[in-house]
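Report on the structure
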Amino acid sequence: MRDRVQSVRAFSLTQHRQTPYLGALRSGEEPNAKGYFVRRGNGTVYPIFDRSVLVRIETASGMAGWGETYGLVAPGAVGAIIDDLLADFTVGRNPADPAAVYDDLYDLVRVRGYTGGFYVDALAAIDIALWDIAARLEGVSVTELLGGVVRDRIPAYVSGLPETKIDARAELAKSWQSRGFNAFKFAAPVADDGLTAEIAALRAALGPDARIAADMHWKYGAHDAIEEIRAMAAHGLWFAEAPVRPEDVTGLETVCRNAGVPIAVGEEWRTHHDLRNRIDRCGISIVQPEMGHTGLTGFMRIAQLAGRHGLDVIPHATVGSGVFLAASLHASAALEPVTGHEFQHSVFESSRGLLDGDLACTEGFYTAPGGPGLGVEPSERALSRLKPI
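Residues numbered from 1 in each chain as written. Predicted model: local features only at pLDDT ≥ 70, side-chain atom pairs only at ≥ 80, totals over all residues. Heavy atoms only, no water.

Let's talk about the environment of Arg245
What counts, and what does not: In DSSP terms, a helix is any run of H or I states spanning at least four residues, a strand is any run of E spanning at least two, and both are numbered starting from the N terminus. For the exposure calls, accessible area comes from a 1.4 Å probe over protein chains only, and a residue counts as buried if that area is under 20% of its type's maximum, exposed if over 50%, partly exposed in between. A contact between two residues is defined here by any heavy atoms of the two lying within 4.5 Å.
Mapped onto the fold, Arg245 is located in the loop between β9 (237-241) and α8 (249-258). We classify Arg245 as exposed; its relative accessible area is 56%. For the pair formed by Arg245 and Ser379, sequence separation is 134 residues and the distance between their alpha carbons is 38 Å. What Arg245 contacts, discounting residues up to four positions off in sequence, is Trp218 and Tyr220.

Here's what the structure looks like:
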């Protein structure tokens, strides 16, 4: 072992924004004292700010790496898991073998049922930081460490159109189209006039060649989802995402078999076991791993399993500073099954200045950051805002 992990520290990073994620608050959506509110369109809690948990790992030789995971709600839960449990079992380990560390940490509490949620989110942040260090130790990018570059540019689709009115959302999409983007996704919780009206307005604004997907946000039962998808299909629906609740595997199977449109799922998954338990049964078309939940080790395993079954991989974008977005792009650049990547433009724009490094999405394409490791690290501005947890 040339080096070993010496310290693991977790921080929260909060980024205030003028408009909450997915757009302005609707009637009845009032933030509480902690800044949380519930979207009436899908019954899900959101904060009025962006927040993530960052992890800094340093080795005995002084090499440092950064990881990141979700901290939108209850970041202290993630911080406690790292500080009270995972950090001590990571110290002393070989940073050049992240997958081995990941597997050992995952095994610590699997028999107690902690195979997802905050536990694996915390593990994901550590995993990303270890991959960052492992690549830096070799003097290569994470993409190169994962097997090499398959694609220099990663097709991006514009996700989320945070305007209050349907016509304004269509105009916002059209403005992105003028900048070279021709693939889009809208969100059901803020499609106030209904999903069919939303895609019809977007189609009229964007023309016949644009790709338009619908994020259904797990809000439907199987039969209602099928009816909604079939109605949207008349307007050229690219794919329907998250049509039923995550735990409703039977409902997902019913939708996939009967909707007649590609179904995309997986942003809430933590491991390849989530895909393995559905892949033979459900007839999924698109898998959407989320780096902030999976880490690089889990992300690669999900994508490789999807590829072996002939499924497209279109990763979910991240809500954070950009560290785990950089990790997602490095993995995407190394994976043959990846056919696109989500571009959360409002998050991307609000996080500008938080990273040192080249993280870009222009004219419909991402490029993975250059340089060793992830190619990015928190800027002085970000470091000044970190709070230990």
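Regarding the pattern of salt bridges
Basically, it comes down to this: Just to be clear on terms, a salt bridge is a Lys or Arg side-chain nitrogen sitting within 4 Å of an Asp or Glu carboxyl oxygen.
Scanning the entire structure with this criterion turns up 16 salt bridges. The salt bridge partner of Arg56 is Glu58, with a shortest N-O separation of 2.7 Å. In this structure Arg56 comes out as partly exposed when scored by relative accessible area, which is 29%. Members of the salt-bridge network, linked through shared partners, are Arg26, Arg169, Asp192 and Glu198.

Describing helix α11 (residues 323-334)
Quick reminder of the rule: For a helix, the expected span equals 1.5 Å multiplied by the residue count minus one.
With twelve residues, α11 extends 17 Å between its outermost C-alpha atoms, agreeing within 8% with the 16 Å of an ideal straight helix rising 1.5 Å per residue. Counted residue by residue, α11 has twelve buried out of twelve residues, so it is predominantly covered. When we look at burial in α11, the residues that qualify are Val323, Phe324, Leu325, Ala326, Ala327, Ser328, Leu329, His330, Ala331, Ser332, Ala333 and Ala334.

A few points about the sheet that holds strand β1 (residues 5-16)
Put simply, the rule is: Note on pairing: two strands pair once DSSP finds at least 2 bridges between them. Between the N-to-C directions of two axes lies an angle of 0 to 180 degrees, each axis being a line fitted to C-alpha atoms and, for a helix, fitted only over the stretch in contact.
Within the open sheet, the four strands sit side by side as β5-β4-β1-β18. Their pairing is antiparallel. Where the open sheet ends on each side, the last strands, each with one partner, are β5 (64-70) and β18 (387-388). Where β1 meets strand β4 (residues 49-59), eleven bridges bridge the pair, whose relative direction is antiparallel. Residue pairing for β4: Ser12 is matched across the bridge by Val53. With respect to the sheet, helix α3 (residues 117-138) is in contact with β1, β4 and β5, its orientation differing from that of β5 by roughly 155°.

A word on the packing of helix α7 (residues 222-233) against α8
The test is simple: Should an angle fall under 35 degrees it is taken as roughly parallel, and over 145 as roughly antiparallel, whereas 65 to 115 is taken as roughly perpendicular and any remaining angle as oblique. Crossing handedness: left-handed means the near helix sits turned counterclockwise from the far one by under a right angle, and right-handed means the same turn made clockwise. Throughout this entry, Asp, Glu, Lys and Arg are counted as charged residues, while Ala, Val, Leu, Ile, Met, Phe, Trp, Tyr, Cys and Pro are counted as nonpolar. The remaining residues, Gly among them, count as polar.
The geometry of α7 relative to α8 is characterised by a closest axis approach of 9 Å and an angle of 30° between their N-to-C directions. As the angle between them shows, α7 and α8 are arranged roughly parallel. With respect to the hand of their crossing, α7 and α8 are arranged in right-handed fashion. For the pair α7 and α8, contact is made by Ala222, Ala225, Ile226, Ile229 and Arg230 and by Gly251, Thr254, Val255 and Asn258, respectively. Residues of the contact of α7 with α8, tallied by class, amount to five nonpolar, three polar and one charged.

Description of unusual backbone geometry
Negative phi values dominate among residues other than glycine, just as trans dominates among peptide bonds. Positive phi, normally seen in glycine, also occurs at Leu22, with a value near 80°. Assignment of secondary structure puts Leu22 in the loop between β1 and β2 (36-39). Judged by its relative accessible area of 6%, Leu22 is buried. For His217, which is not glycine, the phi torsion reads 55° and is therefore positive. With respect to the element layout, His217 can be found in the loop between β8 (211-215) and α7.

Concerning the packing of helix α2 (residues 98-107) against helix α10 (residues 291-308)
Running from amino to carboxyl end, α2 crosses α10 at an angle of 95°, the nearest separation of the two axes being 10 Å. As far as their axial angle goes, α10 and α2 are roughly perpendicular. Judged by residue contacts, Pro98, Ala99, Tyr102 and Asp103 of α2 engage Thr294, Thr297, Gly298 and Arg301 from α10. Here the contact of α2 with α10 is built from residues that sort into three nonpolar, three polar and two charged.

A word on α8
Quick note on the threshold: The arc in question is traced by the directions running from the helix axis to the C-beta atoms.
Every buried residue of α8 is accounted for by Val249, Gly251, Leu252, Val255 and Cys256. What you see down the axis of α8 is that its buried residues fit within an arc of 155°, all on one side. On its buried face, α8 is in contact with α7, β10 (263-265) and α9 (272-282). Backbone geometry just downstream of α8 places Gly260 in the positive-phi region, at approximately 80°.

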